[in-house]
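# Survey of secondary and tertiary structure
Each chain, letter by letter, is given below.
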Amino acid sequence: FPLFLQVTCNCFTISNGEMKDIGVGLYPSMSLLNHSCDPNCVIVFEGYQLLLRSVREIQAGEELTISYIESLMPTSERQKQLMRQYCFECDCLLCQNQEKDAEKLAGEEHAWKEVRDAVNEARYPKSKEEWQQVLTRCQNLLSSNKGLLPDTNIYQLKMLDCAMDACINLQSWEEALYYGTRTLGPYKLYYPDFHPLRAVQLMRVGKLQYSQDMFPQALETLKQAYNIMKVTHGTDHSLMQDLMDIKKQCEAIMTMK
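Residues numbered from 1 in each chain as written. Predicted model: local features only at pLDDT ≥ 70, side-chain atom pairs only at ≥ 80, totals over all residues. Heavy atoms only, no water.

The name given to the protein chain in an unreviewed UniProt entry is [histone H3]-lysine(4) N-trimethyltransferase, and the organism recorded there is Chloroceryle aenea.

Shown next as structure tokens:
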């Protein structure tokens, strides 16, 4: 049991190129890093290799920090998760100021609670039929809550992400682009600086724009993704190589036109 608790407190969630969770791993030296909800470093993976990347200028002697949890949650939820899993309360400036909490829970409370429950109940589909069920559920909730929830509400945002994923798996590219485009404003609000999640989301939307022959828009979106990803992932990361390939293809098409 003590070993289990040590693993729970010190393991890292391993993610794939699109920041989807695929497992957990122990990286002893990285476990020495302390938490901040507004960290100066991020962790990305290249396969099972953990990469620690700085996302802003760090002064000599300044402590390196990472976020142990998803920062998109409201302050109270972040504090609950940190206490439950790591047994401490965070006192970073983001928590002290409760910054952006109002935007995260904007809209009608009964509406976002219904969406929150639906998002929490969702399980990763394993078939086309299950993906269609997920999409239908998302479509119904997004339709019924139209005008009640802004896209900046974090549960509405998660629902849009879920609908986008379902459309991609069902190869409904145009509808996937519609949902993905709606997420970009909220992503910029909550991840205003260098963050791997925003880079990946921009890349996904850029690829969808490219698939719809929206080459000027795609190139602009991919450039934004590139500017973030060169900091969060580095130029040698395989995802960055994929991004540069599609960006070059888009530039070549634009040149021919």
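Anyway, onward from the coordinates.
## What about the overall build of the protein chain?
Secondary structure assignment for the protein chain yields eleven helices and six strands. Against the compact-globule benchmark of 18 Å for 257 residues, the protein chain has a radius of gyration of 19 Å, which places it among compact chains. In terms of principal-axis extent, the alpha carbons of the protein chain reach across some 55 × 45 × 35 Å. Going through the 257 residues of the protein chain one by one, you find that 42% of them count as buried. Of all intrachain contacts in the protein chain linking residues separated by at least 6 positions in sequence, the fraction that spans at least 24 positions is 60%. For the protein chain, the accessible area works out to roughly 14200 Å², and carbon and sulfur atoms hold 51% of it. Between the averaged position of the 26 positive side-chain charges in the protein chain and that of its 33 negative side-chain charges there is a distance of 2 Å. (Helix = DSSP H or I, 4+ residues; strand = E, 2+ residues; numbered from the N terminus. Rg over C-alpha atoms; globule rule 2.2 N^0.38 Å. Buried < 20%, exposed > 50% of the residue type's maximum accessible area, 1.4 Å probe, protein only. Contact = heavy atoms within 4.5 Å. Areas by Shrake-Rupley, 256 points an atom, 1.4 Å probe, with all protein chains shown as cover. Lys, Arg positive; Asp, Glu negative; His and termini not counted. Charge placed at Lys NZ, Arg CZ, Asp CG, Glu CD.)

## So, the pattern of salt bridges
Following the criterion strictly, the structure yields seven salt bridges and no others. The residue Lys80 makes a salt bridge to Glu77 at a minimum N-O spacing of 3.6 Å. You can see Lys80 and its partner Glu77 sitting in helix α2 (residues 75-86), three residues apart, about one turn around the helix. On the basis of relative accessible area, Glu77 is assigned to the partly exposed category, the value being 32%. Taking the shortest distance from any N to any O, the salt bridge between Glu251 and Lys247 comes out at 3.2 Å. Linking Glu251 with Lys247, this pair stays in helix α11 (residues 238-256), spanning four residues, or about one helical turn. Accessibility expressed as a relative area gives 16% for Lys247, which makes it buried. (Salt bridge = Lys/Arg side-chain N within 4 Å of Asp/Glu carboxyl O.)

## Quick notes on the packing of helix α7 (residues 154-169) against helix α9 (residues 196-211)
Axis angle and axis distance: for two packed helices, these are the angle between their axes and the distance between the axes, and together they describe the pair. The geometry of α7 relative to α9 is characterised by a closest axis approach of 13 Å and an angle of 45 degrees between their N-to-C directions. The orientation of α7 relative to α9 falls into the category oblique. Our pair here, α7 against α9, has a crossing hand that is left-handed. Counted together, Asp161, Met164, Asp165 and Ile168 of α7 and Gln201, Arg204, Val205 and Leu208 of α9 form the full contact between these two elements. (Axes fitted to C-alpha atoms, helices over the stretch in contact; angles between N-to-C directions. Parallel < 35°, antiparallel > 145°, perpendicular 65-115°, else oblique. Left-handed = near helix turned anticlockwise from the far one by under 90°.)

## Concerning the environment of Leu177
Its location among the elements puts Leu177 in helix α8 (residues 173-190). Apart from the residues within four sequence positions on either side, Leu177 is in contact with Val205, Leu208, Gln209, Gln212 and Met214.

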